[in-house]
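# A look at the structure
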Amino acid sequence: MKLPRAHEMQTLDRCAIEDFDIPGIVLMENAGLGSVLMMEKELGPAKNHFAVIFIGPGNNGGDGLVIGRHLHQRGCEPVFFFLVNPDELKGSAATNLNIIRKLKLPYHVIADMPRVQTIPVLFKQMESRGKPCYALIDAIFGIGLTRQVSDHFAAAIDLINSPDFAHTIPRISVDIPSGMDSDSGRIQGKGVKADLTATFGFAKPGQIMHGGAGLTGKLHIIDIGIPPEVFRKVPVPTELISEDMAAHWLRQLTRDKSSHKGTHGHLLILAGSIGKTGAAILSARGALRSGCGLVSLCVPYDLNPIFEASLIEAMTIPLPTSSSILNMSDLPVIEKQLREKEAVVLGPGLGTDPRTADLVLHLYNTVPQPMVIDADALNVMAANRHLLQNPAGPRILTPHPGELARLIDSTTSEIQNDRLQAARTASDIYNHDTGGNVIIVLKGDGTIVVSSDGNAMINITGNPGMATGGMGDVLSGIIGALVCQGLSCQQAAGAGVFLHGTAGDGLFAKTGHGYTATELADNIPVTLKSYTQETP
């Protein structure tokens, strides 16, 4: 499912209007009618109710007027609160205003702060007539909002959200909750907290990412009549990792009855240091539980007994010249171990000692196999970006927001303010500046996968129970294992984050939060089975 950003959605609309001669007012009519049909499906018949519709400037307000008219035709009394001078509406919105006026449907102009304070009184008067309120409908701002919400608009949004105002009445947002940035999900000063959102044409990135889902409520996508041929003219480089898409990738893991351990790849993990052996162990566990045929770990010599005792199914290679950290003197042994390996995981619990950093940079630049780079290896890269070269093979970087901030000289808050743009910025830097074949996986609520060509995928599996140590280490092993089993790097990254989140969702449904990264890794096989559809 495509996820157009605001300027892309506007281009899609314009293309439908200008290149396919679909009048804008037809798109608006479809949007309004589709919203009413959705409300009837969710809320039941609207007859013998009244509905309060907040109207803002532009086409979003016009959509609200269409919604009101179709509610009127169903025996519901719409009452419009204009937060702008209605005579300032233009185009299709102005046409629908004229229809409302000719129908003599009731409205109030609430164009300043004192008038916002009259809304509760007006609402009480409506209730006193004996009809129940069907919904509060937010048609204030759409996807074109580029400024902070302020003044009486902010006061109206505060009122809509207030638990003291019509708190039992469903809140419906038109296209997007007013005040939300449709590209990033961040709140621009104030944002309506909707129970339901009727979004037009396609879901928007901000509705499913960091914080945005909490404002959006239950999301319904309304077909407004944009023909599929429009996509041939307007590229949309962002899409949702749907269950169907992930299932298509994961079905490649279905095994032939005659397969053996050598059929399913051999992963090499370079990880671990004093105090951080658990990260390496979790990465290996994630790989094993994801079906990798063989897993080997290159580990500091003195720490080998820990790995031997903890990972009885994996092979360990104690590096004889390192006591507690990996370093360049281990390179001959590592290069020997790289032979006949399909992929490498580099970084979990590795540490950032300068001697380790030299090894990380050398491996990043020279190893031809696909490499998943996580944790301390990312921090080494961030501190030594000037030493990075065109890598000899594909690279999958899996930073959390703090690590990405270091990789692109930003701050964590800036990353979180626009996660999609931050991931694309990292892709530009690590692909164009170094000429690499680098995939960025920005972890978090709405994990983002950006390929080397800038195309992005957003994952919506996962839950707050995964906010605990070791989850990212498991993910690095999952992605490495999927590469070893034949998925492309882009497929492995997308399927990996989907599988990781889905395994967590299964645990959260059973236990709530408090489960561990080990338990999530152990839940991968049963999660994976539902997609490979294997039978005994």
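Above this note sits the structure.
Model, not experiment: these values are computed from the prediction.

### Things to note about the overall build of the protein
Assigned secondary structure in the protein consists of 22 helices and 17 strands. Here the protein holds 536 residues, and 58% of them are scored as buried. Summarising the internal contacts of the protein: among those between residues at least 6 apart in sequence, 74% fall at separations of at least 24. For the protein, the exposed surface amounts to about 21,300 Å²; the carbon and sulfur share of it is 52%. For the protein, the distance from the average site of its 43 positive side-chain charges to the average site of its 52 negative ones is 5 Å.

### Remarks on the sheet that holds strand S4 (residues 133-139)
The strand order across the open sheet built from seven strands is S3-S2-S1-S4-S5-S6-S7, with neighbouring strands paired in parallel fashion. At either end of the open sheet lies a strand with only one pairing partner, and these are strand S3 (107-109) and strand S7 (218-222). With direction set aside, neighbouring strand axes in the sheet form an average angle of 20°. Sheet topology places strand S2 (residues 77-82) next to S3; three bridges connect them, and they run parallel. Residue pairing for S3: Phe81 is matched across the bridge by His108.

### A word on helix H10 (residues 243-250)
Looking at H10, one finds that the buried residues are Met245, Ala246, Ala247, Trp249 and Leu250. Residues of H10 that are buried make contact with strand S8 (238-240), strand S17 (456-458), helix H20 (489-511) and helix H22 (524-532).

### Brief notes about the nonpolar core
Where a protein is soluble and globular, its nonpolar side chains tend to be buried together. With 76 residues, the main nonpolar core has Leu71, Phe81, Phe123 and Ile137 as its most contacted residues. Per element, the largest residue contribution to this core is seven residues, and it comes from helix H7 (residues 151-161). Those residues in contact with Leu71, other than ones at most four positions away along the chain, are Val36, Ala46, Ala51, Ile53, Cys76, Tyr134 and Ile137. Core analysis: the next-biggest nonpolar cluster, separate from the first, contains 58 residues, Ala246, Ala280, Ala493 and Ala517 among them.

### What to know about the packing of helix H19 (residues 471-484) against H20
One way to put it is that H19 packs onto H20 with a least axis distance of 8 Å and a crossing angle of 135°. By the angle between their directions, the pair H19 and H20 is classed as oblique. Between H19 and H20 lies a crossing of right-handed hand. Residues Met471, Val474, Leu475, Ile478, Ile479, Leu482 and Val483 of H19 pack against Cys489, Ala492, Ala493, Ala495, Gly496, Val497, Leu499 and His500 of H20. In terms of residue class, the contact of H19 with H20 is built from 13 nonpolar, two polar and no charged.

### What about the layout of surface pockets?
For the largest pocket, the calculated volume is near 680 Å³. If you trace the largest pocket, you find 33 residues lining it, with Lys443, Gly444, Asp445, Thr447 and Met466 closest to the centre. The set of elements that each furnish at least two residues to the lining of the largest pocket consists of helix H8 (205-208), helix H9 (212-216), H19 and H20. With four residues, H19 is the single largest residue contributor to the lining of the largest pocket. For the lining of the largest pocket, a count of residues per class yields eleven nonpolar, 17 polar and five charged. Each pocket or cavity is described by its volume, and for the second largest pocket that value is around 570 Å³. Taken together, 24 residues form the lining of the second largest pocket, with Asp13, Asn59, Asn60, Asp63 and Asp175 sitting closest to its centre. Counting only elements with at least two residues in the lining of the second largest pocket, the list comes to helix H1 (6-19), helix H2 (24-43) and helix H3 (58-73). Split by residue class, the lining of the second largest pocket holds eleven nonpolar, eight polar and five charged.

About the cut-offs
Residues numbered from 1 in each chain as written. Predicted model: local features only at pLDDT ≥ 70, side-chain atom pairs only at ≥ 80, totals over all residues. Heavy atoms only, no water. Helix = DSSP H or I, 4+ residues; strand = E, 2+ residues; numbered from the N terminus. Buried < 20%, exposed > 50% of the residue type's maximum accessible area, 1.4 Å probe, protein only. Contact = heavy atoms within 4.5 Å. Areas by Shrake-Rupley, 256 points an atom, 1.4 Å probe, with all protein chains shown as cover. Lys, Arg positive; Asp, Glu negative; His and termini not counted. Charge placed at Lys NZ, Arg CZ, Asp CG, Glu CD. Pairing = 2+ DSSP bridges. Axes fitted to C-alpha atoms, helices over the stretch in contact; angles between N-to-C directions. Core = buried A, V, L, I, M, F, W, Y, C linked by side-chain atoms within 4.5 Å. Parallel < 35°, antiparallel > 145°, perpendicular 65-115°, else oblique. Left-handed = near helix turned anticlockwise from the far one by under 90°. Nonpolar A, V, L, I, M, F, W, Y, C, P; charged D, E, K, R; others polar. 1 Å grid on protein atoms, 1.4 Å probe; cavity = no way out; pocket = protein on both sides within 12 Å on 5 of 7 lines; lining within 4 Å. Points joined across faces, edges and corners; volume = space filled by probe spheres on them.

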